[in-house]
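What follows is the residue order along each chain.
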Amino acid sequence: MNIAADPVVLGEQEADFSSVDKARVVEALARVLPAGALMYDAEDLRPYECDGLSAYRQMPMVVVLPMTEEQVVAVLKVCSEIGVPVVARGAGTGLSGGALPHKFGVVLSLARFNRILHLDAHARTAVVQPGVRNLAISEAASPHGLYYAPDPSSQIACTIGGNVAENSGGVHCLKYGLTVHNVLRVRGVTIDGEVVEIGNHGLDAPGYDLLALMIGSEGMLAVVTEVTVRLTPKPQLAQCVLAAFDDVIKAGEAVAEIIAAGIIPAGLEMMDQPATAAVEQFVHAGYPLDAKAILLCESDGTPEEVAEEIERVRAVLEASGATEIRVSRDEAERMKFWAGRKAAFPAAGRISPDYYCMDGTIPRKRLGEMLEAIQEMEGKHGLRCINVFHAGDGNLHPLILFDANQEGELERAEAFGADILELSVALGGTITGEHGVGIEKINQMCSQFTRPELTMFFRVKGAFDARGLLNPGKAIPTLNRCAEYGRMRVSNGHVPYPDIPRF
Amino acid sequence: MSDLTEQWRERVRAAAEAGTPQQVRGGGTKDFYGRTPAGEVFDTRGHTGVVSYEPTELVVTVRAGTPLAELEALVAERGQMLAFEPPHFGAGATVGGCVATGLSGPRRATAGALRDFVLGVRIVDGRGEVLSFGGQVMKNVAGYDVSRAIAGSLGTLGVILDVSLKVLPRPVAETTLRFALGEKEAIERLNDWGGQPLPVSASSWADGALHLRLSGAEAAVRAAERKLGGEVLADDVAADLWQDIREQTDGYFANVAPGEVLWRLSLPSSAAPVKLAGRQLIEWGGALRWLRSDAPAATIRDRVAALGGHATAFRGFDRAGDVFQPLPAPVMAIHRRLKQAFDPAGILNPGRLYDGI
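This structure is a prediction, so every number in the text was calculated from the model and none was measured.

1. Overview of the overall build of chain A
Consideration 1: When helices and strands are tallied, chain A shows 18 helices and 18 strands.
Consideration 2: In terms of overall dimensions, chain A has a C-alpha envelope of 70 × 60 × 40 Å along the principal axes.
Consideration 3: Contacts in chain A between residues at least 24 apart in sequence constitute 71% of all its contacts with a sequence separation of at least 6.
Consideration 4: Here chain A has roughly 18,500 Å² of accessible surface; of this, 51% comes from carbon and sulfur atoms.
Consideration 5: With 44 positive and 65 negative side-chain charges, chain A shows a spacing of 2 Å between the two charge centroids.

2. Looking at the packing of aromatic side chains
Consideration 1: All chains considered together, the criterion is met by 19 aromatic pairs over all chains.
Consideration 2: When the ring centre of phenylalanine 42 of chain B is taken as origin, the NZ or CZ atom of arginine 11 of chain B, which lies over that ring, is 4.5 Å away.

3. Quick notes on unusual backbone geometry
Consideration 1: With phi around 50 degrees, aspartate 207 of chain B is a residue other than glycine that occupies positive phi space.
Consideration 2: Tracing the chain through its elements places aspartate 207 of chain B in the loop between strand S11 (200-206) and strand S12 (209-216).

4. Focus: the domain arrangement of chain A
All names here are of chain A.
Consideration 1: Taken domain by domain, chain A comprises domain 1 (18-234), domain 2 (237-346) and domain 3 (352-490).
Consideration 2: Computed from C-alpha coordinates alone, the two centres of domain 1 and domain 3 are separated by 24 Å.
Consideration 3: With 36 residues of domain 1 at the contact, the number on the domain 3 side is 26 residues.
Consideration 4: Regarding the contact of domain 1 and domain 3, the summed buried area is about 2,600 Å², with carbon and sulfur atoms giving 62% of it.
Consideration 5: Summed over the shared surface of domain 1 and domain 3, the number is 0 salt bridges.
Consideration 6: Where domain 1 touches domain 3, the interface holds 16 residue pairs in polar contact (both at pLDDT 80 or more).
Consideration 7: Within the residue set of the side of domain 1 that touches domain 3, elements represented by two or more residues are helix H3 (69-82), strand S3 (86-89), helix H6 (173-176) and helix H8 (210-214).
Consideration 8: Top element by residues in the side of domain 1 that touches domain 3 is H3. It accounts for 4 residues.

5. Things to note about the interface of chain A and chain B
Interface size is commonly expressed as the accessible surface area that is lost when the partners come together.
Consideration 1: Each side of the interface is counted separately: chain A has 84 residues, and chain B has 72 residues.
Consideration 2: Between chain A and chain B, roughly 6,400 Å² of surface is buried when both sides are summed, and carbon and sulfur atoms account for 62% of that area.
Consideration 3: Between the two partners, chain A and chain B, sit 5 salt bridges.
Consideration 4: We note a salt bridge from glutamate 434 of chain A to lysine 139 of chain B, for which the minimum N-O separation is 2.9 Å.
Consideration 5: Taken together, the connections running from chain A to chain B amount to 27 residue pairs in polar contact (both at pLDDT 80 or more).
Consideration 6: Looking at the side of chain A that touches chain B, the elements with two or more residues in it are H6, helix H7 (179-182), strand S9 (195-199), H8, helix H9 (248-260), helix H11 (303-319), helix H16 (445-448) and helix H17 (451-464) of chain A.
Consideration 7: A per-element tally of the side of chain A that touches chain B places H17 of chain A first, with 10 residues.
Consideration 8: Per-class residue counts for the side of chain A that touches chain B are 38 nonpolar, 25 polar and 21 charged.

6. Digging into the side chain of glutamate 409 of chain A
Residue and element names in this part refer to chain A.
Consideration 1: Within the fold, glutamate 409 resides in helix H15 (residues 409-426).
Consideration 2: For the buried residue glutamate 409, which engages in no salt bridge, the nearest side chain bearing the opposite charge is arginine 412, 4.2 Å off.
Consideration 3: Beyond its immediate sequence surroundings of up to four residues, glutamate 409 is in contact with Leu383, Phe402 and Asp403.

7. Digging into the domain arrangement of chain B
Residue and element names in this part refer to chain B.
Consideration 1: Looking at the assigned domains, one finds that chain B contains domain 1 (5-169 + 337-342), domain 2 (173-251) and domain 3 (256-315).
Consideration 2: The centre of domain 2, based on its C-alpha atoms, is set 21 Å off from the matching centre of domain 3.
Consideration 3: On the side of domain 3, 19 residues touch domain 2, which itself brings 14 residues to the contact.
Consideration 4: A combined buried area of about 1,200 Å² lies between domain 2 and domain 3, and 48% of that area is made up of carbon and sulfur atoms.
Consideration 5: If you look at where domain 2 meets domain 3, you find 1 salt bridge.
Consideration 6: The closest approach of N and O atoms between aspartate 207 and arginine 279, which form a salt bridge, is 2.8 Å.

8. Concerning the state of the cysteines
Residues and elements named next belong to chain A.
Consideration 1: Scanning the model with the defined rule gives 1 disulfide over all chains in all.
Consideration 2: In this model cysteine 446 forms its disulfide with cysteine 482; the gap between the sulfur atoms is 2.1 Å. Taking the sign of the S-S torsion, -80 degrees for the link of cysteine 446 and cysteine 482, the bridge is left-handed. Placement of cysteine 446 in helix H16 and of cysteine 482 in helix H18 (residues 479-490) is noted, with a sequence separation of 36 residues between them.
Consideration 3: For cysteine 446, a relative accessible area of 18% translates into the label buried.
Consideration 4: With no disulfide of its own, cysteine 240 has cysteine 297 as its nearest cysteine by sulfur position, at a separation of 7.3 Å.
Consideration 5: Residue cysteine 297 is classed as buried on the basis of its relative accessible area of 3%.

9. Re the sheet that holds strand S7 (residues 130-134) of chain B
Consideration 1: Read from one edge of the open sheet, 5 strands run S3-S4-S8-S6-S7 (chain B), paired in antiparallel fashion. Edge positions in the sheet fall to strand S3 (50-54) and S7 of chain B, since each has one partner strand and no second. Ignoring strand direction, the axes of neighbouring strands in this sheet form an average angle of 15 degrees.
Consideration 2: Bridge count between strand S6 (residues 118-125) of chain B and strand S8 (residues 158-166) of chain B: 7 bridges; the pairing is antiparallel. Along S8 of chain B, the bridge assignment pairs valine 124 of chain B with valine 159 of chain B.
Consideration 3: Sitting on the sheet, H17 of chain A is in contact with S6 and S7 of chain B, with an inclination near 65 degrees to S7 of chain B.

10. Looking at the sheet that holds strand S15 (residues 279-283) of chain B
Residue and element names in this part refer to chain B.
Consideration 1: Read across the sheet, 8 strands follow the order S13-S10-S12-S11-S15-S16-S14-S17 without closing on themselves; strand pairing throughout is antiparallel. Strands with a single pairing partner mark the edges of an open sheet, and in this sheet they are strand S13 (231-232) and strand S17 (310-315).
Consideration 2: Judged from the 8 bridges that link them, strand S10 (residues 173-180) and S12 form a sheet pairing that is antiparallel. The partner of threonine 176 across the bridge, within S12, is arginine 213.
Consideration 3: On top of the sheet, helix H8 (residues 218-228) reaches S10, S12 and S13; it is set at about 10 degrees to S10, its chief contact.

11. Some thoughts on the nonpolar core
Consideration 1: Core analysis: the largest hydrophobic core is formed by 186 residues, its most contacted members being Leu213 and Leu317 of chain A together with Phe342 of chain B.
Consideration 2: The residues contacting leucine 213 of chain A, other than those within four sequence positions of it, are Leu221, Val460 and Phe464 of chain A together with Tyr144, Asp145, Val146, Ala149 and Leu338 of chain B.
Consideration 3: Counting 30 residues, the second largest nonpolar core, distinct from the first, contains Leu33, Leu76, Ile191 and Val223 of chain A.

12. Considerations on the pattern of salt bridges
Consideration 1: The tally for this structure, following the rule as stated, stands at 45 salt bridges over all chains.
Consideration 2: Aspartate 419 of chain A is the partner of lysine 380 of chain A in a salt bridge, and the nearest nitrogen-oxygen pair spans 2.7 Å. Residue lysine 380 of chain A is located in helix H14 (residues 367-381), and its partner aspartate 419 of chain A is located in helix H15; the two are separated by 39 residues in the primary sequence.
Consideration 3: Using a relative accessible area of 23% as the deciding quantity, one classes aspartate 419 of chain A as partly exposed.
Consideration 4: Here aspartate 162 of chain B makes a salt bridge to arginine 122 of chain B, at a shortest N to O gap of 3.1 Å. Of this pair, aspartate 162 of chain B sits in strand S8 while arginine 122 of chain B sits in strand S6; the two residues are 40 residues apart in sequence, bridging distant segments of the chain.
Consideration 5: Within the structure, one salt-bridge network assembled from shared partners comprises Glu69, Arg185, Arg187, Glu197 and Glu226 of chain A.

13. Quick look at the packing of H17 of chain A against helix H12 (residues 329-342) of chain B
Consideration 1: Between H17 of chain A and H12 of chain B, the least distance of the axes is 8 Å, while the angle of their chain directions is 160 degrees. For the element pair H17 of chain A / H12 of chain B, the angle class is roughly antiparallel. For the pair H17 of chain A and H12 of chain B, the sense of crossing is right-handed. Contacts between H17 of chain A and H12 of chain B involve Met456, Arg459, Val460, Gly462, Ala463 and Phe464 of chain A from the former and Ile334, Arg337, Leu338, Ala341 and Phe342 of chain B from the latter.

What counts as what
- Residues numbered from 1 in each chain as written.
- Chains lettered and ligands numbered in written order.
- Predicted model: local features only at pLDDT ≥ 70, side-chain atom pairs only at ≥ 80, totals over all residues.
- Heavy atoms only, no water.
- Helix = DSSP H or I, 4+ residues; strand = E, 2+ residues; numbered from the N terminus.
- Contact = heavy atoms within 4.5 Å.
- Areas by Shrake-Rupley, 256 points an atom, 1.4 Å probe, with all protein chains shown as cover.
- Lys, Arg positive; Asp, Glu negative; His and termini not counted.
- Charge placed at Lys NZ, Arg CZ, Asp CG, Glu CD.
- Phe/Tyr/Trp six-rings, centres within 6.5 Å; stacked < 30°, edge-to-face > 60°.
- Lys NZ or Arg CZ within 6 Å of the ring centre and 35° of its normal.
- Domains from an automatic or database assignment.
- Buried area = accessible area lost by both parts, 1.4 Å probe.
- Salt bridge = Lys/Arg side-chain N within 4 Å of Asp/Glu carboxyl O.
- Polar contact = N/O pair within 3.5 Å; in protein donor to acceptor, adjacent residues only side chain to side chain.
- Nonpolar A, V, L, I, M, F, W, Y, C, P; charged D, E, K, R; others polar.
- Buried < 20%, exposed > 50% of the residue type's maximum accessible area, 1.4 Å probe, protein only.
- Disulfide = S-S within 2.5 Å.
- Pairing = 2+ DSSP bridges.
- Axes fitted to C-alpha atoms, helices over the stretch in contact; angles between N-to-C directions.
- Core = buried A, V, L, I, M, F, W, Y, C linked by side-chain atoms within 4.5 Å.
- Parallel < 35°, antiparallel > 145°, perpendicular 65-115°, else oblique.
- Left-handed = near helix turned anticlockwise from the far one by under 90°.

Printed below as a string of structure tokens:
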């Protein structure tokens, strides 16, 4: 095979795996796996048919649950030999369909890789298996006064392997960084069954920064079997300021003013009035319901540091026209301030049968334009949208409310979402800040990147996975798909063949 | 301020077609770094200017040929900084060279490395295609994170056109403390402090003296100062000290003897003293150890690898050989394929990183 010119390797067209023979795959895998680590009956496969983006479902051909790295190597060698797609999976909490199975593929669950192998409090590192839950790392580090900083909202359930795949963030990334800033090393297995160590326990590694490529690669470059994370000292104190504004734009400007004053808060979140109303009836956080927007600004550090920063924040918020400012007086009140923000997604689920969460990131100064445009889109698509926003880093989570049981609402929600993502790109931002492209935003990748850029992504993938067997069809759209999507777009919203399944 | 995108694209295309190696070079201040430069000089200093700077967005986008000093002065005017404190190593350092070498200074251990602050890049790849990766926003997971991989790739994957960097506010207060400590105690103390919520922003140990810089809110710096003790350095003395470490104008670096190699050892911060012949200077809370030594390269590399790190022959080494720690075969194979992906004709700084890369 001439890889350099292969149209599948170059991402010109999707690979066709329909000739994969299930019986042969099962037989080959059974030879390398113990009993109980291999499943292929429909009822066993059902739990794997979707991840956190449940609107997309696909039954896999086979699921494997290896327990050791040797078994992962063996599974990948089998899949590589037969030419079977492999989709690695952690807890399945992802919101972009990154772990959606392949119809002719193997789901490789890392659920049994659930041990913390080593925690070195002095060096502030932990070596963990990929199936360890995000929060479990912080819990294990807690007796040493340490924690693992990235805190995606799903942290009680999501795994570190999934965090590596998605480069997960959370509400504290402006100050503490994303997964890519907090992982020192990953050990993984390539599709050829080679074990590779990427990064190390120092602060850098020789050669190209493969760690940066691996983190956020959505399981498309290698299967992670071990992760070394950096642990951070727990701040002595955290305090939160809640500020109300009678205008969303003013709230946005207040965020800019906080940054301009040289303050990098530990968290800086915004919610619009409909979002505030939705969570307030759910968790009774005591949010001011007459405010058009509220800001939550958290400060952490030593008591002296926090006191100093809170005073500076208060001064900026007052000057920015906040109509009300409350500072949490104790930990209970701080948690109460956050309870509403953290309940935004469940609250959306309470006021609407279904909701669709978007993840665009925009330069903060364009927030006003974005929110106005979303209001117009509500009219255009006939659906409501509530907005929560990681204001500090420009990451917007509009929650589009719909009812999948109502004819056409899912399609309208998807069209609404696509409009938001494309506007994010047009405003100088990106279609995904932290949830990943997966299958969900794959068409919008065609708007964000040019053809040569997409081709380069395929070439990068080819450097790790020459035949495109790891998670095919995700994250990077083929040129065929973009051409098709381009045609769909020029037809001015009238989608051709509305009856065919569409991803 | 001028935009040479089109000229550069043409130049790379022509070079790829003719198979003419290009030595991509800014101010040449880091010519000493990596393996021997090869090819006709591709001077990047004509492509200059700040494309955009939004202090309240914490982002600056700048063309590669822009002098690093100019960029630092610009952000300093707005009370901001490049938090990774990149070394200039000379008056003419450019932003492109800074990103291509990927080197970070004293603040790295706590603030993050250069690659942590790269939000996006635009490059000309080895085919002469202009490609843009990442962007100008803090969080962006669309596509592989190619922009961070360009950082530190020594110009072997593409010619950097411009780069978007995250900037941070300068700390309100800063102070430097001095402690008389031996190597082992210093490493231990640094790691103890690293596990506490202290505003440490730099550290340097040599010859029985540990210097520790604290940066942050006034109250936090004063509280830490009281807690840690030590001797407080005068502000101007401290500023000179960190500048000399960052730029390697300190006597330790300036007086590398003939026959000695300056090794850069990257180790787990808590690794025991390396016990290799020669003099050391320790930075980054123990994670970066400079070693002036005439010991054989293999001895140094083996010792450092056993401690879980890697060694770079930084200055004074035979640059035809391996300057960077040799890679295991499967990782090297990925490197070769990546090089092939970005620069199939092998014309961009060939051999600067590894033989053939």
